[in-house]
Amino acid sequence: MNDRFDFAFDFDLDELAPADAASEEAVERFWSGDLTALSQHHTTPNGSHSFVVAHDQSATWGIPGAPQVMAIAVARDLTRFTYTLETSHHATVSFAQNWLVERGCPPERIAKIRGGSLKPADDLTVWVERQIRESGARYEVLDNHTSDFDPCETWTLTRDSRADEAPIRFFHEEWDHDAGTYTMREGAFADVGAARTWLDDHSGPLPEPPEYSDHNGADDRPRIALARSASASATPKASLDDTRTPPAGPAQRPVRGRLL
């Protein structure tokens, strides 16, 4: 098997049996009709593993704010004729990629997004996404939200286990469908309460992580990317707070299609 973008979600499982109850349940619930592959990697030569990032269109018709990116990991034991299948939903592609990297996918193999998708608007977006993708278990996801109509954006609230200062990190992704681009920005807060307060009333710009301006031996890449991205906005739109609390039941909404 090789990497390709005409993927039809055929995992070659016909001759194999699920290795556990979780995999059996996952494959029974799996429906590829609503999925569009954004990125994928299949091991060679024997095809023992498959890693896929997909947009799940069914999420756009469910509870407002639900994550729309699905990560899929398949591992085949060709000696025992069994397989395991895991899936996980994420607000952004970079967090889905991170989940797959943690399960053995080489980060460079899952980084490329298929043609026709929105492109990163600037160097800072590329840097922040790479940091998430290759961060291992660094970020504990506390909450997230996706809006696929105006404003077209997502946010992910996390706890950064490596941050000595302002460990609550807020990642905001905003899409510009007219320009065919998107931006990703990182904010930093002392605690979850401060992050929630900012999210509710947007009291000032999104606070940058302290290390972005640290000149004492810290990684220079965030500052370089910031300088190159000076013309791009680093602040989420004020209407984010209007989309935090979803209604009790599912509702149909206009679909623009994230990153598509």
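Because the structure is predicted, anything quoted here is derived from the model rather than measured. (Residues numbered from 1 in each chain as written. Predicted model: local features only at pLDDT ≥ 70, side-chain atom pairs only at ≥ 80, totals over all residues. Heavy atoms only, no water.)

(A) Broad picture of the packing of helix H2 (residues 93-101) against helix H4 (residues 123-133). Taken N-terminus to C-terminus, the directions of H2 and H4 make an angle of 30°; their axes are 7 Å apart at the nearest point. With respect to each other, H2 and H4 are oriented roughly parallel. For H2 against H4, the interelement crossing comes out right-handed. Residues Ser94, Phe95, Gln97, Asn98 and Val101 of H2 pack against Glu129, Ile132 and Arg133 of H4. When grouped by side-chain class, the residues that make up the contact of H2 with H4 number three nonpolar, three polar and two charged. (Axes fitted to C-alpha atoms, helices over the stretch in contact; angles between N-to-C directions. Helix = DSSP H or I, 4+ residues; strand = E, 2+ residues; numbered from the N terminus. Parallel < 35°, antiparallel > 145°, perpendicular 65-115°, else oblique. Left-handed = near helix turned anticlockwise from the far one by under 90°. Contact = heavy atoms within 4.5 Å. Nonpolar A, V, L, I, M, F, W, Y, C, P; charged D, E, K, R; others polar.)

(B) Seen up close, unusual backbone geometry. Of note in the backbone geometry, Phe81 takes a positive phi value of approximately 60° without being a glycine. Here Phe81 lies in the loop between strand E4 (69-77) and strand E5 (82-90). According to the relative accessible area criterion, Phe81 is exposed, its value standing at 51%. The phi angle at Ala166 is positive, at roughly 50°, despite the residue not being glycine. By secondary structure assignment, the location of Ala166 is in the loop between strand E8 (153-160) and strand E9 (168-176). You can call Ala166 buried: its relative accessible area is 16%. (Buried < 20%, exposed > 50% of the residue type's maximum accessible area, 1.4 Å probe, protein only.)

(C) The sheet that holds E8, seen in detail. Pairing in this open sheet of five strands is mixed, and the strands run E6-E10-E9-E8-E7 from one edge to the other. Looking along the sheet, the strands with just one partner apiece sit at the ends: strand E6 (119-120) and strand E7 (139-147). Direction of pairing for E8 relative to E9: antiparallel, over a ladder of seven bridges. The residue of E9 that forms the bridge with Thr158 is Arg169. The sheet contacts of helix H5 (residues 192-201) involve E7, E8, E9 and strand E10 (181-189), and relative to E8 the element is tilted by about 165°. (Pairing = 2+ DSSP bridges.)

(D) Main features of the pattern of salt bridges. Enumeration over the complete set of coordinates arrives at 10 salt bridges. One salt bridge in this structure joins Asp122 and Arg185, with 2.6 Å as the shortest N-O distance. Linking Asp122 in the loop between E6 and H4 with Arg185 in strand E10, this pair joins segments that are 63 residues apart in sequence. A salt bridge links Glu186 to Arg169; its shortest N-O distance comes to 2.9 Å. Residue Glu186 is found in strand E10, and its partner Arg169 is found in strand E9; the two are separated by 17 residues along the sequence. Here the salt bridges do not stand alone but share partners, grouping Arg138, Asp160, Arg169, Glu186 and Glu211 into one network. (Salt bridge = Lys/Arg side-chain N within 4 Å of Asp/Glu carboxyl O.)

(E) Geometry of H2. Taken across its nine residues, H2 has eight buried, putting it largely inside the fold. When H2 is considered as a whole, its buried residues turn out to be Val93, Ser94, Phe95, Ala96, Gln97, Asn98, Trp99 and Leu100.

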